[in-house]
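Each chain is listed here by its residues.
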Amino acid sequence: MSAALRIAPLVFVAAIVQVTVLGGARVLWAEPDLLLVTIVCVALAAGSIPGAAAGFAGGLLVDVMTLGTLGTTSIVLTLAGYWAGRYGETTGRGRRYAAPLAAFAISIFAGLGAVALHFLLGEPVAARDALVTAVPSAILAAVLALGVSRITGLILEPPRGLERPRQVELV
Amino acid sequence: MGGLVLLSLVLVTISFREDGSGPLASVQNGAAAVLRPFQVAADRVAEPFRDAYGWSNSLLDARSDAARLEKENELLRQQVAERQLALRENVTLRKLLAYRNGPRFPEGYAGLAAAVISRPAGAYAQAIVIAAGREDGVRTDDPVVTQDGLVGKVSRVSSRTSRVTLLTDDASAASALDVETQAFGIVRSGDGARAPLRLDRVPKEARVAIDDTIVTSGWSSPRLSSLYPRGIRIGRVTSVGRTDTDLYTQVQVTPFADLSSLEAVLVLIPVDRKDLAR
């Protein structure tokens with residue numbers, strides 16, 4: 001099964017859960033963002049381009065379901081997916097705490113980016129709310145990433161026994 | 001990645017310009033309609049969990065609310081108690097004021113109102129402590145009264161407080177007379193709660209009847225005078241007894257002033273001493 005086919009349901013479910021279950025929920029001043037965490041974990045496991053694509057698709061789904069301005073969430077999640085993917089391909093490779101670290105940092109930047117974008121579109125936004133919830137939300141994202149990264153790892157990484165050698169060396 | 005960002009920007013621009021009515025909005029609405037069943041399904045699945053979360057949250061809120069309301073209730077109870085006390089004190093002080101300004105108040109004395117700040121700890125300690133002392137002009141042996149009648153006399157004075165020995169103490173005595181019959185005697189502590197006072201040294205031939213009013217007799221000579229001024233109400237006669245063997249008539253008296261629940265009293269300070277102090 002190709003990576004895209006394995007990523008798509010994951011992103012789809014995460015987007016549905018984010019919009020229907022977690023939208024507007026608050027856990028100790030933190031706003032859980034499962035979709036962002038899923039995008040970060042997918043990007044860490046699959047790379048920057050799949051991460052960006054997953055972010056774009058997930059964001060578009062959210063914008064469609066919430067009947068918001070199309071593209072606002074997808075642009076933020078596209079950049080988040082790409083950055084997480086690049087981190088996974090470079091300094092974050094093989095690091096045990098790459099997922100929570102990336103989720104923490106990207107959650108803060110994504111929150112601020114979303115506020116800036118909505119402000120540019122002339123929509124009423126309260127920067128104070130975003131700043132107050134930024135750090136608790138980032139901590140929650142880091143905690144969520146610990147669990148979500150395991151799930152994405154299980155889904156996206158093929159079983160070792162099925163890996164086939166792509167080249168052989170003749171001695 | 002650049003293409004996706006660009007596509008997002010294009011979508012943002014078109015969607016923003018269309019403002020809910022246009023081809024892209026139609027596509028969005030259609031897609032939303034397609035996704036709606038998934039949203040509804042997810043919502044139904046999540047509903048019990050959301051309810052459970054809401055319930056536990058409300059439980060936590062209810063607990064904190066209960067603790068807060070309990071504190072508030074305690075505070076309000078305290079305030080109510082304080083106000084009731086203040087109201088009662090106000091009534092008592094008004095009565096004292098009316099007495100001080102009335103015709104029954106003894107001449108030649110000024111009334112100093114003082115709150116009772118301590119009561120006797122046991123049945124044998126017939127004394128109270130009042131919130132007035134030497135600095136307020138109080139001296140040892142000053143008479144202490146309420147609007148109802150005689151209470152006792154000051155037995156010890158400190159700078160800001162004084163100890164008042166009640167009339168029911170064994171050491172107290174006051175020369176008294178029956179208002180109706182003019183029979184003289186000495187009021188002392190009685191035998192118990194039923195008759196806290198007795199009128200002692202009343203000759204057998206003197207006439208004293210039940211319900212007669214006993215007041216201080218008050219006397220003065222060129223060199224000495226009684227501690228209590230004349231005419232302060234003490235109590236009412238509750239029983240009169242005579243036997244052949246007794247030298248004097250046995251007269252039991254119930255004090256007018258309720259000595260067990262005093263809240264404020266008036267210390268009688270001689271006016272001439274007050275003038276000297278000035």
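Everything below is about the structure printed above this text.
Residues numbered from 1 in each chain as written. Chains lettered and ligands numbered in written order. Predicted model: local features only at pLDDT ≥ 70, side-chain atom pairs only at ≥ 80, totals over all residues. Heavy atoms only, no water.

Trainee: A description of the overall build of chain B should follow, citing residues and the corresponding values.
Mentor: When helices and strands are counted, chain B shows three helices and 12 strands. Considering chain B as a whole, with its 278 residues, one finds that 34% of them fall into the buried category. At a minimum sequence separation of 6, the contacts of chain B that also span at least 24 residues come to 58%. When the accessible surface of chain B is summed, it comes to about 17200 Å², and 55% of that surface belongs to carbon and sulfur atoms. (Helix = DSSP H or I, 4+ residues; strand = E, 2+ residues; numbered from the N terminus. Buried < 20%, exposed > 50% of the residue type's maximum accessible area, 1.4 Å probe, protein only. Contact = heavy atoms within 4.5 Å. Areas by Shrake-Rupley, 256 points an atom, 1.4 Å probe, with all protein chains shown as cover.)

Trainee: Residues and numbers for the overall build of chain A, please.
Mentor: The helix and strand inventory of chain A stands at six helices and zero strands. In sequence order, the secondary structure elements of chain A are arranged as α-α-α-α-α-α. By residue count, 44% of the 171 residues in chain A fall in the buried class. Counted over contacts in chain A with a minimum sequence separation of 6, partners at least 24 positions apart contribute 71%. Surface exposure of chain A reaches about 9500 Å², of which carbon and sulfur atoms provide 66%.

Trainee: Summarise the pairing of strand E12 (residues 264–270) of chain B; cite the residues concerned and give the values.
Mentor: Residues and elements named next belong to chain B. Counted residue by residue, E12 has seven buried out of seven residues, so it is predominantly covered. Burial along E12 is two-sided: Ala264, Leu266, Leu268 and Pro270 and Val265, Val267 and Ile269, pointing in opposite directions, are all buried. As defined by bridge partners, strand E1 (residues 109–118) adjoins E12 across seven bridges and the pair is classed as antiparallel. When the sheet's bridge partners are listed, Ala114 is paired in E12 with Val265. Here strand E3 (residues 143–145) runs beside E12; their pairing, made up of two bridges, is antiparallel. Directly across from Val144, in E12, lies its bridge partner Val267. (Pairing = 2+ DSSP bridges.)

Trainee: Talk me through empty space enclosed by the protein; I want residue IDs and the actual numbers.
Mentor: Residues and elements named next belong to chain B. On inspection of all chains with the given rule, the structure shows one cavity of 30 Å³ or more. In this structure, the largest cavity occupies an estimated 40 Å³ of space. What lines the largest cavity is simply Tyr99, Arg104, Thr146, Gln147, Asp148, Gly149, Gly231, Ile232 and Arg233. (1 Å grid on protein atoms, 1.4 Å probe; cavity = no way out; pocket = protein on both sides within 12 Å on 5 of 7 lines; lining within 4 Å. Points joined across faces, edges and corners; volume = space filled by probe spheres on them.)

Trainee: Go over the nonpolar core, please, and point to the residues and values.
Mentor: Membership of the largest hydrophobic core comes to 38 residues, with the highest contact counts inside it found for Leu35, Met65 and Ile106 of chain A. The biggest single contributor to this core is helix H1 (residues 3–22) of chain A, with seven residues. Those residues within four positions of Leu35 of chain A in sequence are excluded, and the remaining contacts are Val11, Ala14, Ala15, Gln18, Gly58, Gly59, Val62 and Leu77 of chain A. If you look at the next biggest cluster of nonpolar residues, it comprises 25 residues, including Leu150, Leu167, Ala206 and Leu266 of chain B. (Core = buried A, V, L, I, M, F, W, Y, C linked by side-chain atoms within 4.5 Å.)

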